[in-house]
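Here is what each chain is made of, one letter per residue.
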Amino acid sequence: MDRDSVEPQVDDLPGERARELVSYHHEHAAPSTYICEFVWDHSEPAIGPFCTDVDGNVLLDFAGHVGSMPLGYNNPKILERLEEFELVDPLKIAGQDFYLPAEELSDRGVPGPADLMDRLTDVTGYGMDTVFLSNTGAEAVENALKIAFDYTAGKYTITCQGAFHGRTLGTLSLNRSKEVYRRRFPEIASVHDVPFCADRTCSSETCDCGFFREDGSALRQMVRDTGFVNPEEVAAFVVEPVQGEGGYRIPSDAFTDEIAAVAEEFDIPVVVDEVQSGVGRTGEWWASDHSAIEPDVIASAKALRVGATISRKEVFPAKRKRLSSTWGAGDILSAAQGALTLDAIEEHDLLDNATERGRQFRELFEAADTPGVVDVRGLGLMLGVELDETQRRDDVQAAAFARGLLVIGCGTKTLRILPPLDVTEREIRLGTDLLVEAIQDVA
Ligand SMILES: Cc1ncc(COP(=O)(O)O)c(C=O)c1O
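Residues numbered from 1 in each chain as written. Predicted model: local features only at pLDDT ≥ 70, side-chain atom pairs only at ≥ 80, totals over all residues. Heavy atoms only, no water.

## Structural notes on the sheet that holds strand β12 (residues 373–379)
(1) Moving on: What the four strands build is an open sheet, ordered β12-β13-β16-β15; its pairing is antiparallel. The open sheet terminates on both sides in strands that have one partner only, identified here as β12 and β15 (408–410). The sheet shows a mean angle of 30° between the axes of neighbouring strands, taken without regard to direction.
(2) Moving on: Bridge analysis of β15 against strand β16 (residues 414–417) gives three bridges, and the strand direction is antiparallel. In the strand pairing of β16, Cys410 is matched with Thr414.
(3) Moving on: Helix α11 (residues 350–367) rests against β12, β13 (382–387) and β16 of the sheet, and its axis sits at about 165° to β12. (Pairing = 2+ DSSP bridges. Helix = DSSP H or I, 4+ residues; strand = E, 2+ residues; numbered from the N terminus. Axes fitted to C-alpha atoms, helices over the stretch in contact; angles between N-to-C directions. Contact = heavy atoms within 4.5 Å.)

## A few points about the pairing of strand β4 (residues 156–160)
(1) Moving on: β4 sits mainly inside the fold: five of its five residues count as buried.
(2) Moving on: Residues of β4 alternate between two faces, with Tyr156, Ile158 and Cys160 on one and Thr157 and Thr159 on the opposite face, all of them buried.
(3) Moving on: Bridge analysis of β4 against strand β5 (residues 191–194) gives four bridges, and the strand direction is parallel. The residue of β5 that forms the bridge with Thr159 is Asp193. (Buried < 20%, exposed > 50% of the residue type's maximum accessible area, 1.4 Å probe, protein only.)

## Focus: the side chain of Ser288
(1) Moving on: The topology assignment puts Ser288 in the loop between β9 (270–273) and β10 (297–300).
(2) Moving on: The exposure class of Ser288 is buried, given its relative accessible area of 1%.
(3) Moving on: Polar contacts involving the side chain of Ser288 include one to the side chain of Glu274, which spans 2.5 Å.
(4) Moving on: If we ignore the near neighbours within four places in the chain, the residues touching Ser288 are Tyr126, Pro241, Val272, Glu274, Ile293 and Pro295. (Polar contact = N/O pair within 3.5 Å; in protein donor to acceptor, adjacent residues only side chain to side chain.)

## Structural notes on the domain arrangement of the chain
(1) Moving on: Under the domain assignment, the chain is made up of domain 1 (16–75 + 349–442) and domain 2 (94–347).
(2) Moving on: Each of domain 1 and domain 2 has a C-alpha centre, and the two are 26 Å apart.
(3) Moving on: Taken together, the contacts link 28 residues of domain 1 with 28 residues of domain 2.
(4) Moving on: Together, Leu351, Leu379 and Met382 form the three largest contributors to the area buried by domain 1 at its contact with domain 2, with a combined 30%.
(5) Moving on: Linking domain 1 with domain 2 are two salt bridges.
(6) Moving on: Arg200 is the salt-bridge partner of Asp375, the closest N and O atoms lying 3.2 Å from each other.
(7) Moving on: Linking domain 1 with domain 2 are 13 residue pairs in polar contact (both at pLDDT 80 or more), by the criterion used here.
(8) Moving on: Residue assignment for the side of domain 1 that touches domain 2 shows that the elements contributing at least two residues are α2 (64–67), α11, β12, β13 and β16.
(9) Moving on: Residue contributions to the side of domain 1 that touches domain 2 peak at five residues, all from β12. (Domains from an automatic or database assignment. Buried area = accessible area lost by both parts, 1.4 Å probe. Salt bridge = Lys/Arg side-chain N within 4 Å of Asp/Glu carboxyl O.)

## Side note on a negative patch on the surface
(1) Moving on: Taken together, the side chains of Asp118, Asp122, Glu346 and Glu347 make up a negatively charged region of the molecular surface.
(2) Moving on: Of all the secondary-structure elements, those providing two or more residues to the negative patch are α5 (113–123) and α10 (332–347).
(3) Moving on: Mapped onto the elements, Glu346 comes out in helix α10. (Patch = residues over 30% accessible without salt bridge, like charges linked within 9 Å, V, L, I, M, F, W, Y side chains within 5 Å. Areas by Shrake-Rupley, 256 points an atom, 1.4 Å probe, with all protein chains shown as cover. Lys, Arg positive; Asp, Glu negative; His and termini not counted. Charge placed at Lys NZ, Arg CZ, Asp CG, Glu CD.)

## Quick look at the site of the ligand
(1) Moving on: Taken together, the neighbourhood of the ligand is formed by Thr136, Gly137, Ala138, Phe164, His165, Gly166, Glu240, Asp273, Val275, Gln276 and Lys302.
(2) Moving on: Between the ligand and the protein, one listed contact pairs an oxygen atom with a backbone N or O atom of Ala138 at 2.9 Å.
(3) Moving on: Contacts to the ligand include Asp273, whose side-chain N or O atom sits 2.7 Å from a nitrogen atom.
(4) Moving on: Contact with the protein chains hides 80% of the accessible area of the ligand, taken as 390 Å² for the molecule alone.
(5) Moving on: Class assignment for the residues of the shell around the ligand results in three nonpolar, five polar and three charged. (Near = heavy atom within 4 Å. Nonpolar A, V, L, I, M, F, W, Y, C, P; charged D, E, K, R; others polar.)

## Brief notes about the side chain of Gln221
(1) Moving on: When you line up the elements, Gln221 lands in helix α8 (residues 218–223).
(2) Moving on: A polar atom in the side chain of Gln221 sits 2.6 Å from the side chain of Asp215.
(3) Moving on: Other than its neighbours up to four places away in sequence, Gln221 contacts Arg213, Asp215, Gly216, Gly227 and Phe228.

## Thoughts on helix α6 (residues 137–152)
(1) Moving on: For α6, built from 16 residues, the straight-helix expectation of 22 Å at 1.5 Å per residue is met to within 8% by its first-to-last C-alpha distance of 23 Å.
(2) Moving on: For α6, the full list of buried residues reads Gly137, Ala138, Ala140, Val141, Asn143, Ala144, Leu145, Ile147 and Ala148.
(3) Moving on: The backbone nitrogen of Glu139 has a side-chain oxygen 3.1 Å away, supplied by the residue at the start of α6, namely Thr136. (Expected span 1.5 Å × (residues − 1).)

## Description of the packing of aromatic side chains
(1) Moving on: The tally for this structure, following the rule as stated, stands at six aromatic pairs.
(2) Moving on: Measuring from ring centre to ring centre gives 4.9 Å for Phe211 and Phe212, while their planes differ by 85°; the resulting arrangement is edge-to-face.
(3) Moving on: Given the relative accessible area of 0%, Phe211 is considered buried.
(4) Moving on: Of the aromatic side chains, those joined through ring pairs into one cluster are Phe196, Phe211, Phe212 and Phe255. (Phe/Tyr/Trp six-rings, centres within 6.5 Å; stacked < 30°, edge-to-face > 60°.)

In structure tokens:
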């Protein structure tokens, strides 16, 4: 497959083999697990955003395995190094311990969990020098909460309306996106929420989302001396710098400025959930880097292939065994992929590419005739296209799929577009054309 010339080619989608495999999956899978009717055949050609499914259809994948595939398929920079690595057993090592002598690691160019933590702290500012590795995004956030509770001895957490932070009992207590995640599940106590101000043009004077009020923001009102929460008892304010599952909502500068100001004035630790927005997706290493927010803890996962809770040494409990995970750092390959991903982003200026290509997508889209589209937004390559109705969004997703373009929904009416960070100008044009055609077709 030649990345410079390949185009989506669709015969029957989902084809017969895909339908068979989906129904096989559902024979034993928990019924609530989600599967889209795209079945990737990993023995068939795939490169960058292009892949082949089990029926031989060639697709342009702008869903990127829900943001967990930052460099697309078969990125040579990752593959070349992983090929050096003869597979070993066990591939998973309990407690993310040392598995190769350091010289051998560097000789073979295959980084391990310690190298991943080294690189992560290198690319992260905010004085953060310490990492706890786990497996998933939910675990990264859950451990962020645990260290915040331990560090502050506070009992309150404050979350944002529309938020999604994971599916463990702790993290789901902070979810405010869809009730299906929370229904009948017990939650941790003392969680309050404030509106997430996603009107990008608003200021504290013009805002009507409910966050800004005449006599101070909802957060300020909550923690000031006439409020109902003692700021000394707040363990963390938890926020997605761009809301993901909630609908690719980008906060206003007025909102992030006020969060930063209140956090500083009342000494409230800020946990940023960068599980979806981090690792270069928005054109900066962390989406928080676009704003005035100075995080105390960053939770990352997805693109990193493992979960990571990042902070300053003193924020982590010093006592041994306070935090642990048998399979922390995923398996050996996951840790290596995470570290090599960071290397590739740095070596190939993919932060700049994400900014440029994201701009190209928005410009092409704005110039096109797109009936029913009410907003096109994005930071870097974390892009959202909002439609006027849920049904239209779902129809457009299906029409795009029928043309060989994979995109997924979020919020209630939005499509999220997640090309690989090394996406080219040609690929953005191709994807935009297909999506615009799908929108016009549905209209
Ligand atoms: C912002 C955010 N936080 C946490 C999570 C949970 O991550 P995981 O599914 O890896 O547990 C997600 C997953 O989509 C997410 O988008």
